[in-house]
Amino acid sequence: MVQTSSFSKADWQKGYKSLKTEYSYWVDDITGEVPPLLQGTLFRNGPGLLDVNGDRYGHPFDGDGMISAITFTNGKVHFANSFVKTPEFLAEQQAGKILYRGVFGTQIQGGLLQNIFNLKLKNIANTNVIYHGQKLLALWEASRPYRLDPQTLETIGVENFDGNLPAGEVFTAHPKFDPDTGDMYGFGVDAGVKSTINLYKVDQQGTLTKFVKQKVDGFCFLHDFAITPNYAIFAQNPVKFNPLPFVLGFKPAATCIDLQPNTPTKLLIFDRSGQLITLETEPCFIFHHANAYEQDGEIILDSICYRDYPKLEAGIDFLDVNFDQVIPGQFCRFQINLATGKVQKSILQERSCEFPITHPDYVGKNYRYVYMGAIANDSGNAPLQAIIKLDVQTREKQVHSFAPRGFIGEPTFIPDPNGTREDQGWLLVLVFDATCDRTDIVILDAEHISNSPLATIHLKHHIPFGLHGNFTPEVWHS
Ligand code: CO
């Protein structure tokens, strides 16, 4: 059966236009009603600038980080956005051209001579943003966090946690929060033929301590991890990095990665004393984990899996990508038996999906509901246009689709402060509306996501497709 396409490519491409203006305003165009109990700030990060003076970055993931702050207070909504003003960003703006190579696709104009042995990457600070220990931090996994003022969004500078995260060490874009202690856990990888993994804890006062430093065999492409009360779990994708074309200037770094055929994916499991257990499972590629928990001597790990590395070929314009050839991500469960070392993998949800999230109080715990971005059709591949809520116990699912002209990213679950059920709360989704080239902030009732939105907040402009973000109950505008 041939399925009709859920979208037009021209619509999707418009969501990757730069947003050059920095705004700060109260939103007056709201359909429906913002729940009065929804109080706090949603911070989002993503590439906001996809070009310098019309000179496009080779891949959107190389775009400069732009923070959006969406404040909910007494039924009102305030919007503000600001670029992370790293010295590299300011230098490129001043020069009016691209000065740095990107990890994903950006080469400097001028060909080989301009790129050869030029290993200078800029800290694009574009992947995630968190508010923790009274600091607002923009995160990018290949460097240290950038700190911003949560009220004005002014860039303060590189965060080194009182010198405890020295130059040369890096901090993940995917920290996890222990719901029992409020501590933040993060990691950093120094990848090479052998790789070093550092594990960090940042307490509620913002003090960082490194509690594990471990060398592991092979190149580590670790974007995310999962925590449980006793373990930190990584999936080491069976990739090989051939740095020569990058060093020599032919190719951006991310296109020099290949999946090694018939090589198992490794699960690296650290216990709290730093002891490492390494297990193997069938070959697959993982960017994001939804959650993990311990049960009857097993660790259950839920992740989005690709059967191969969704590689970006050098020289192909990302905006011309053929979605029929893009490998779909599927929601999978790994049952890891620590006594026998056996790992059993099963697919819980086949439809192509990404950006899984859960109720924050259930991180590391036996949980029931996961929310994620998905394609609008049951099969094939396309941009994310729908939200799926999956009950991982019954496998029942609810869907809210914004197709054909709406495009979405990572949802955020915000618990109802008076709630008692795991799915009692709100789901916030940024939706790019191609009918008017603007972005809406949509609030869904998380118990019944298929229902009409509780509120749709119409911004005056678009926000380029973003990556990750977090919610804090703190409010800086009222
Ligand atoms: Co990510």
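Rules used in this analysis
Counting of residues starts from 1 at the beginning of each chain's written sequence and follows it residue by residue. For a predicted model such as this one, the threshold for reporting local features is a pLDDT of at least 70, and the threshold for listing and counting side-chain atom pairs is 80 or more; totals across whole chains, interfaces and linings nevertheless cover every residue. For side-chain calculations, the full set of non-hydrogen atoms in the structure is used, while hydrogens and water are omitted. Each metal's donors are the N, O and S atoms found within 2.8 Å of it, except that Na, K and Ca use a 3.2 Å limit; water is left out, so coordination can look incomplete. Any site counts as irregular unless it has four donors with all angles between 85 and 135 degrees, making it tetrahedral, or four or six donors with opposite ones more than 155 degrees apart and the rest between 65 and 115, making it square planar or octahedral. Helix and strand definitions follow DSSP, with helices as H or I runs of at least four residues and strands as E runs of at least two, each counted in order from the N terminus. The buried label applies to any residue whose accessible area, calculated with a 1.4 Å probe on protein chains only, is under 20% of its type's maximum; exposed applies above 50%, and partly exposed to all values in between. In this analysis, strands are considered paired if DSSP registers two or more bridges between them. A 1.4 Å probe that fits into a set of points on a 1 Å grid over the protein atoms alone but cannot get out defines a cavity; an open set with protein on both sides within 12 Å along at least five of seven lines defines a pocket, and lining residues are those with an atom within 4 Å of a point. Grid points are joined across faces, edges and corners, and a volume is the space filled by probe spheres set on the points. Under this grouping Gly is polar, as are all residues other than the nonpolar Ala, Val, Leu, Ile, Met, Phe, Trp, Tyr, Cys and Pro and the charged Asp, Glu, Lys and Arg. Every axis in this analysis is a line fitted to C-alpha atoms, fitted for helices over the stretch in contact. Angles between the N-to-C directions lie between 0 and 180 degrees. Take a side-chain nitrogen of Lys or Arg and a carboxyl oxygen of Asp or Glu: if they are within 4 Å of each other, that pair is a salt bridge. We define the nonpolar core as a collection of buried residues of types Ala, Val, Leu, Ile, Met, Phe, Trp, Tyr and Cys that are connected through side-chain atoms lying within 4.5 Å of one another. In what follows, residue pairs with any heavy atoms lying within 4.5 Å of each other are defined as contacts. The definition used for a disulfide is geometric: two cysteine sulfur atoms within 2.5 Å.

Participant: Describe the coordination of the cobalt ion, with residues and values.
Facilitator: In the first shell of the cobalt ion, the protein supplies His-174 (NE2), His-223 (NE2), His-288 (NE2) and His-468 (NE2), at 2.0 to 2.1 Å from the metal. Around the cobalt ion, the four donor atoms are arranged such that angles at the metal cover 91 to 158°; this shape is classified as irregular. Ordering the donors of the cobalt ion by residue number gives the pattern H-x48-H-x64-H-x179-H. Of this pair, His-174 sits in the loop between strand 11 (155-158) and strand 12 (176-177) while His-468 is found in the loop between strand 34 (455-458) and strand 35 (469-472), placing the two residues 294 residues apart along the sequence. Accessibility assignment for this pair places His-174 and His-468 in one class, buried.

Participant: Tell me about the sheet that holds strand 20 (residues 265-271), residues and numbers included.
Facilitator: The strand order across the open sheet formed by four strands is 16-17-20-21, and the pairing between neighbours is antiparallel. Lying at the two open borders of the sheet, with one neighbouring strand each, are strand 16 (226-227) and strand 21 (276-281). Sheet topology note: the strand 20/strand 21 ladder contains six bridges and is antiparallel. Paired with Leu-268 across the strands is Thr-278, a residue of strand 21.

Participant: Talk me through empty space enclosed by the protein; I want residue IDs and the actual numbers.
Facilitator: As enumerated under the stated definition, the model contains three cavities of 30 Å³ or more in all. What lines the largest cavity is Tyr-185, Leu-199, Phe-211, Phe-225, Ile-227, Asn-230, Tyr-231, Ala-232, Phe-270, Asp-271 and Arg-272. Looking at the lining of the largest cavity, the elements that each hand over two or more residues are strand 17 (231-236) and strand 20. By residue class, the composition of the lining of the largest cavity is eight nonpolar, one polar and two charged.

Participant: Which residues make up the sheet that holds strand 27 (residues 369-374), and what are the values?
Facilitator: Taking strand neighbours across the sheet as the criterion, the four strands line up as 26-27-28-29 in an open arrangement whose pairing is antiparallel. The open sheet is flanked by strand 26 (353-357) and strand 29 (397-401), the only strands paired with a single partner. Across the sheet, the axes of successive neighbouring strands diverge by a mean angle of 25°, strand direction being ignored. Where strand 28 (residues 386-391) meets strand 29, five bridges bridge the pair, whose relative direction is antiparallel. Residue pairing across strands places Ile-387 opposite His-400, the latter belonging to strand 29.

Participant: Describe the pattern of salt bridges, listing the residues and the values that go with them.
Facilitator: Per the stated rule, a full pass over the model turns up 17 salt bridges. In this structure, Asp-423 engages Lys-389 in a salt bridge whose closest nitrogen and oxygen atoms are separated by 2.7 Å. With a gap of 34 residues between them, Asp-423 in the loop between strand 31 (412-415) and strand 32 (425-433) and Lys-389 in strand 28 connect regions that are remote in the sequence. For the residue pair Asp-423 and Lys-389, the accessibility class agrees, reading buried in each case.

Participant: Summarise the layout of surface pockets; cite the residues concerned and give the values.
Facilitator: What the second largest pocket holds in volume is close to 1,400 Å³. If you go around the second largest pocket, you meet 50 residues; those closest to its centre are Phe-177, Pro-360, Val-363, Asn-470 and Phe-471. Within the residue set of the lining of the second largest pocket, elements represented by two or more residues are strand 8 (128-132), strand 12, strand 16, strand 22 (285-295), strand 26, strand 31 and strand 35. Ranked by residue count, the leading element in the lining of the second largest pocket is strand 22, at five residues. Residue classes in the lining of the second largest pocket are distributed as 26 nonpolar, 18 polar and six charged.

Participant: I'd love a proper account of the nonpolar core, names of residues and values included.
Facilitator: Generally speaking, a soluble globular protein has its nonpolar side chains buried in company with each other. Of all hydrophobic cores here, the largest spans 24 residues; its most connected members are Val-34, Leu-38, Ile-70, Phe-72, Ile-443 and Ile-457. When sequence neighbours within four positions are dropped, the list of residues in contact with Leu-38 reads Phe-72, Thr-73, Ile-414, Trp-426, Leu-428, Ile-443 and Phe-471. Formed by 23 residues, the second largest nonpolar core is a distinct cluster that contains Ala-290, Tyr-293, Phe-331 and Ala-374.

Participant: Which residues make up the side chain of Thr-196, and what values do they have?
Facilitator: Looking at the element boundaries, Thr-196 is found in strand 14 (residues 194-202). Exposure remark for Thr-196: the relative accessible area of 11% places this residue in the buried category. Contact partners of Thr-196, with chain neighbours within four places excluded, come to Gly-188, Val-189, Asp-190, Lys-213, Gln-214 and Lys-215.

Participant: Can you explain the state of the cysteines? Please cite residues and give values.
Facilitator: In a disulfide, the sulfur atoms of two cysteines are covalently bonded to one another. The tally for this structure, following the rule as stated, stands at zero disulfides. Here Cys-332 stays unpaired: no disulfide links it, and the sulfur of Cys-305, its closest cysteine neighbor, is 3.8 Å away. Taking relative accessible area as the criterion, Cys-332 reaches 2% and is therefore assigned buried.

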